[in-house]
Amino acid sequence: MSLAGDPIPRSEGEDPPFSARLLDWFDTHGRHNLPWQHPRTPYRVWVSEIMLQQTQVSTVIGYFERFMARFPSLEELAAAPLDAVLSAWAGLGYYARARHLHAAAKAMAARGIPDTLAHWLALPGVGASTAAAIMAQAFDQPATILDGNVKRVVARHAGIGSPIEQAATIHRLYDCARAYTPPNRSADYTQAIMDLGATVCLRSQPHCLRCPVAGDCVAFIEQRTAELPARRVRPPVPLRPVRFWWWQRADGRVLLERRPASGIWGGLWCLPEIDGLRVNPQEALPTAVPIPERMLPPPRPSQSHGRFAHRLTHFLMQGEVFTAPADAPLPVATDALRWLAPHEWADTGLPKPIRHYLDAQGMPLRETSMHDHGSL
Ligand code: SF4
């Protein structure tokens, strides 16, 4: 028996290694029909890994298939306008991923698709675990991944009890994950450990009795699955009120404003924020120009058009939309302001709650509560 909190020694003499048991299980129970596995090209694996960074497989599948239908090759993605990429991404959240994907596609179109870990790491939006997953899955090279699911498996199996967000813990997890990684069948092993985390070693109530590595799993042996991996206690999510203008012309077009490249919903089109956006003049995208009408008197409660609630990563947005005064001059369209007709909304990169709000316009307004990750 290991000391609590120390990785349990692998029982090489008695059981096959961790990786051998996991690969045996994967051959029968793993996921072999994910769309990015057929064909498993570097381009498709890369796009899927970026999508999977913050989003579950079940959600990613539909987005991935639509994205591939729209941008079947690296060249087509690199040549597309950023708006088209953001539009295809809308709803997946964490929009910086789409901006980085587009920037990386342009870099690869010019210099070629990398085939080393170091070159993948040099691309925007590709961190250590993503680069490792690409090398393993697209090139079958041994590489150690450590996404959220794998952290949970390793922390439990090795009995690592320190908070999972700490840098020292992540180093320990990497050391263990590296020791578990086999020298061959890298693509299968990488998929196998992700599948184990997603389908067996669940966050709550893991299915330990059907787990191939339960025999030497510290959390299982010591009945600590509920407490591992340990997390910092998070403070309650703060509320943040945000006010928007509802500006609609007689022909039905609605005024939308492009958000600054960084920050919440970066680069997406949104109802204009009444209190304005913090604009960074260094940003590459055209940013929201001052709307003279923002100088209008603050909206009165009688101008309320509707409300929505939306959970972002670090706060709960309490959105309230106000009808612009009928006698205010209509803002003129610019690079960062557009009057969009309803049939154009579908092809415009809109944050999910704003799309829902627009879709519901003209209908009785209701509180909406949605969760995606629109930040950064
Ligand atoms: S035995 Fe249970 S806790 Fe341990 S790795 Fe398997 S599913 Fe996770």
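For the structure, check the block above.
Since the model is a prediction, treat every value here as computed from it, not as a measurement.

*Asks:* Lay out the overall build of the protein chain in plain terms, naming residues and giving numbers.
*Replies:* For the protein chain, the helix and strand inventory stands at 14 helices and seven strands. Looking at the protein chain as a whole, 53% of its 376 residues are labelled buried. In the protein chain, 68% of the contacts between residues at least 6 apart in sequence involve partners at least 24 apart. Of the roughly 17,800 Å² that the protein chain leaves accessible, carbon and sulfur atoms contribute 55%.

*Asks:* Quick rundown of empty space enclosed by the protein? Include the residues and the values.
*Replies:* Per the stated rule, a full pass over the model turns up three cavities of 30 Å³ or more. A volume near 110 Å³ is recorded for the largest cavity. Around the largest cavity, the lining comprises 15 residues; the ones closest to its centre are Arg156, Cys201, Cys208, Cys211 and Cys217. Sorting elements by how many residues they give to the lining of the largest cavity places helix α9 (residues 148–158) first, with three residues.

*Asks:* Go over the nonpolar core with me, naming the residues and quoting the values.
*Replies:* Core analysis: the biggest nonpolar cluster contains 95 residues, and Trp46, Phe67, Trp265 and Leu271 have the highest contact counts within it. Broken down by element, the residue count for this core peaks at seven residues, all from helix α2 (residues 42–52). Taken together, domain 1 (18–221) and domain 2 (239–371) each give at least three residues to this core, which thus spans both. With residues near it in sequence (within four places) discarded, Trp46 still touches Leu74, Leu77, Leu101, Ala104, Ala105, Met108, Trp120, Val126 and Ile134.

*Asks:* Outline the pairing of strand β4 (residues 304–311), listing residues and values.
*Replies:* Alignment of β4 against strand β5 (residues 316–323), held across seven bridges, turns out to be antiparallel. Bridge assignment links Ala309 to a residue of β5, and that residue is Gln318. Remark: four residues form the turn of the hairpin made by β4 and β5, two consecutive strands paired antiparallel.

*Asks:* Go over the site of the ligand with me, naming the residues and quoting the values.
*Replies:* All residues in the neighbourhood of the ligand are listed as Arg156, Val200, Cys201, Pro206, Cys208, Cys211, Val213, Ala214, Cys217, Phe220 and Thr225. Among the cavities detected, the one that contains the ligand is the largest cavity. The residue makeup of the shell around the ligand, split by class, is nine nonpolar, one polar and one charged.

*Asks:* Could you give me a rundown of the side chain of His102, with the residues and numbers involved?
*Replies:* Among the secondary structure elements, His102 is positioned in helix α6 (residues 96–111). Here His102 falls in the buried class, since its relative accessible area comes to 7%. Apart from the residues within four sequence positions on either side, His102 is in contact with Leu77, Ala78, Ala80, Pro81, Leu82 and Val85.

*Asks:* Explain the environment of Asp347 to me, using residue names and the numbers behind them.
*Replies:* Within the secondary structure, Asp347 sits in the loop between α13 (342–345) and α14 (352–359). Judged by relative accessible area, which is 56%, Asp347 ranks as exposed. Spatially, the C-alpha atoms of Asp347 and Ser87 are 5.9 Å apart, while their sequence positions differ by 260 residues.

*Asks:* So what's going on with the layout of surface pockets? Which residues, and what values?
*Replies:* For the largest pocket, the calculated volume is near 1,400 Å³. Taken together, 42 residues line the largest pocket, and the ones lying closest to its centre are Gln53, Gln54, Gly148, Asn149 and Arg203. Every element with two or more residues in the lining of the largest pocket is listed here: α2, α3 (57–70), α8 (128–139), α9 and α11 (186–199). Per-class residue counts for the lining of the largest pocket are 14 nonpolar, 17 polar and eleven charged. Taken domain by domain, the lining of the largest pocket gets at least three of its residues from each of domain 1 (18–221) and domain 2 (239–371).

How each quantity is defined
- Residues numbered from 1 in each chain as written.
- Predicted model: local features only at pLDDT ≥ 70, side-chain atom pairs only at ≥ 80, totals over all residues.
- Heavy atoms only, no water.
- Helix = DSSP H or I, 4+ residues; strand = E, 2+ residues; numbered from the N terminus.
- Buried < 20%, exposed > 50% of the residue type's maximum accessible area, 1.4 Å probe, protein only.
- Contact = heavy atoms within 4.5 Å.
- Areas by Shrake-Rupley, 256 points an atom, 1.4 Å probe, with all protein chains shown as cover.
- 1 Å grid on protein atoms, 1.4 Å probe; cavity = no way out; pocket = protein on both sides within 12 Å on 5 of 7 lines; lining within 4 Å.
- Points joined across faces, edges and corners; volume = space filled by probe spheres on them.
- Core = buried A, V, L, I, M, F, W, Y, C linked by side-chain atoms within 4.5 Å.
- Domains from an automatic or database assignment.
- Pairing = 2+ DSSP bridges.
- Near = heavy atom within 4 Å.
- Sits in = over half its atoms within 2 Å of the grid points.
- Nonpolar A, V, L, I, M, F, W, Y, C, P; charged D, E, K, R; others polar.

By themselves these figures say nothing about function.
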